[in-house]
Amino acid sequence: MKRQAIYPGTFDPLTFGHLDIIKRASKVFDKVLVAVARNPYKKPLFSLEERLAMVKKATENMTNVTVEAFDRLIIDYAKQKKINVIIRGLRMISDFEYEFQMALTNRRLSKSVETLFMMPSEEYAYLSSKLLKEAASLKADIKKFVPLFVAKKLQKRFQHRKER
Ligand code: ADP
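Rules of the game
Residues numbered from 1 in each chain as written. Predicted model: local features only at pLDDT ≥ 70, side-chain atom pairs only at ≥ 80, totals over all residues. Heavy atoms only, no water. Helix = DSSP H or I, 4+ residues; strand = E, 2+ residues; numbered from the N terminus. Buried < 20%, exposed > 50% of the residue type's maximum accessible area, 1.4 Å probe, protein only. Contact = heavy atoms within 4.5 Å. Polar contact = N/O pair within 3.5 Å; in protein donor to acceptor, adjacent residues only side chain to side chain. Pairing = 2+ DSSP bridges. Right-handed = clockwise from strand over helix to strand, strands pointing away. Patch = residues over 30% accessible without salt bridge, like charges linked within 9 Å, V, L, I, M, F, W, Y side chains within 5 Å. Areas by Shrake-Rupley, 256 points an atom, 1.4 Å probe, with all protein chains shown as cover. Salt bridge = Lys/Arg side-chain N within 4 Å of Asp/Glu carboxyl O. 1 Å grid on protein atoms, 1.4 Å probe; cavity = no way out; pocket = protein on both sides within 12 Å on 5 of 7 lines; lining within 4 Å. Points joined across faces, edges and corners; volume = space filled by probe spheres on them. Nonpolar A, V, L, I, M, F, W, Y, C, P; charged D, E, K, R; others polar. Near = heavy atom within 4 Å. Sits in = over half its atoms within 2 Å of the grid points.

Undergrad: Would you take a moment to explain the environment of Arg3 for this structure?
TA: Mapped onto the secondary structure, Arg3 falls in the segment before strand S1 (4-9). Accessibility expressed as a relative area gives 48% for Arg3, which makes it partly exposed. For the pair Arg3 and Thr115, spaced 112 residues apart in sequence, the C-alpha separation works out to 14 Å. If sequence neighbours within four positions are ignored, Arg3 has contacts with Val28, Phe29, Asp30 and Lys31.

Undergrad: I tried to follow the side chain of Arg157 on my own but got confused; where do I start?
TA: Counting through the fold element by element, Arg157 comes out in helix H6 (residues 148-163). Within the structure, the side chain of Arg157 is placed 2.9 Å from the backbone oxygen of Leu45, a separation counted as a polar contact. In terms of polar contacts, Arg157 uses its side chain to reach the side chain of Glu50, at 2.4 Å. In this structure, Arg157 is in contact with Leu45, Phe46 and Glu50, ignoring residues within four places of it in sequence.

Undergrad: How should I be thinking about the pairing of S1 in this particular structure?
TA: Each regular strand shows side chains that alternate between the opposite faces of the sheet. Of all six residues that make up S1, five are buried, and the element is covered over most of its length. In the sheet, S1 pairs with strand S2 (residues 31-37) via six bridges, with the strands oriented parallel. Among the inter-strand pairings, Pro8 is bridged to a residue of S2, identified as Ala35. In this view, the connection linking S1 to its parallel neighbour S2 by way of helix H1 (residues 16-28) has right-handed handedness.

Undergrad: So what exactly am I meant to see when it comes to a nonpolar patch on the surface here?
TA: Nonpolar side chains collect at one region of the surface, where Ile93, Phe96, Phe100 and Leu104 lie side by side and expose about 420 Å² of accessible area between them. Among the residues examined, Phe100 registers a relative accessible area of 43% and is labelled partly exposed.

Undergrad: Got a minute to help me understand the layout of surface pockets in this structure?
TA: A probe as big as a water molecule, rolled over the atoms, marks out the empty space that is left. The volume enclosed by the largest pocket comes to roughly 1200 Å³. In this structure, the largest pocket is lined by 44 residues; those nearest its centre are Gly9, Thr10, Lys42, Arg88 and Tyr98. Counting only elements with at least two residues in the lining of the largest pocket, the list comes to S1, H1, strand S4 (85-89), helix H4 (93-109), strand S5 (114-118) and helix H5 (129-137). No other element matches the eight residues that H4 contributes to the lining of the largest pocket. When the residues that make up the lining of the largest pocket are grouped by side-chain class, the tally is 21 nonpolar, 12 polar and 11 charged.

Undergrad: Would you mind going over the site of the ligand with me for this structure?
TA: Residues in close proximity to the ligand total 18 residues, the closest being Tyr7, Thr10, Lys42, Gly89 and Leu127. Here an oxygen atom of the ligand sits 2.5 Å away from a polar atom, N or O, in the side chain of Lys42. Arg91 has a polar side-chain atom sitting 3.2 Å from a nitrogen atom of the ligand. In isolation the ligand has 550 Å² of accessible area, and contact with the protein removes 92% of it. The pocket occupied by the ligand, as judged from atoms lying within 2 Å of grid points, is the largest pocket. If you list the elements that add at least two residues to the shell around the ligand, you get S1, H1, S4 and H4. The residue inventory of the shell around the ligand, partitioned by class, reads seven nonpolar, six polar and five charged.

Here you go:
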C-alpha cells in the first residue's frame, strides 16, 4: 500500500518554509497532497486560485506531490481522499499550543487520522506568511524567503494597494 500524507495550509503566500516541509514530507511518503484551504476567516491576501497556482508552480518538479484546493473540515477531506496522515509544520514554541489543540481536536473528530509534525531547516524556523506580508507591505526585500515569482506577486500586490 502506498504511504500518503496530506499537508493542509492557507499558503498566503507560499514560503520557503512551506516548501521545506513539502520536500521533507515527499521523502518520507510515497505521495503528498498539498491541500490549499479557502480559509475565508483568515481573510487571505491572495485568492484561493492564486494560492493554488503558486503552490502548483513551486512544486511542479516534485513528481510525488499533488496540489488541490479544499473548503471543508480537513478531517472530512482527508477521509474523502482516503489519506490518514496530516502533516503540519512546527516552527517555534509559539506554534505548539495552536497545533496541539488542533491535532487533538482532529483526533477527537476522527481516530483514524493521525497528525505528524515536521520541523523546517533552522533558516526558516522564524519565517511566517504573516510576517512576510507585513515586510513586503513596507517594501522589504523578501526574495530570500519565497520563490522569485511569489516575491514579484507580493511586490505587485502592495504596489497596487498603495495606488488605490
Ligand atoms: P494555516 O492557516 O493552516 O496555519 P499556513 O499556511 O500558515 O496555514 O501554515 C500551514 C502549515 O505550515 C502549518 O502547519 C504551519 O505551522 C506550517 N508552516 C508555516 N510556515 C512554516 C515555516 N516557515 N516552517 C515550517 N512550517 C511552516
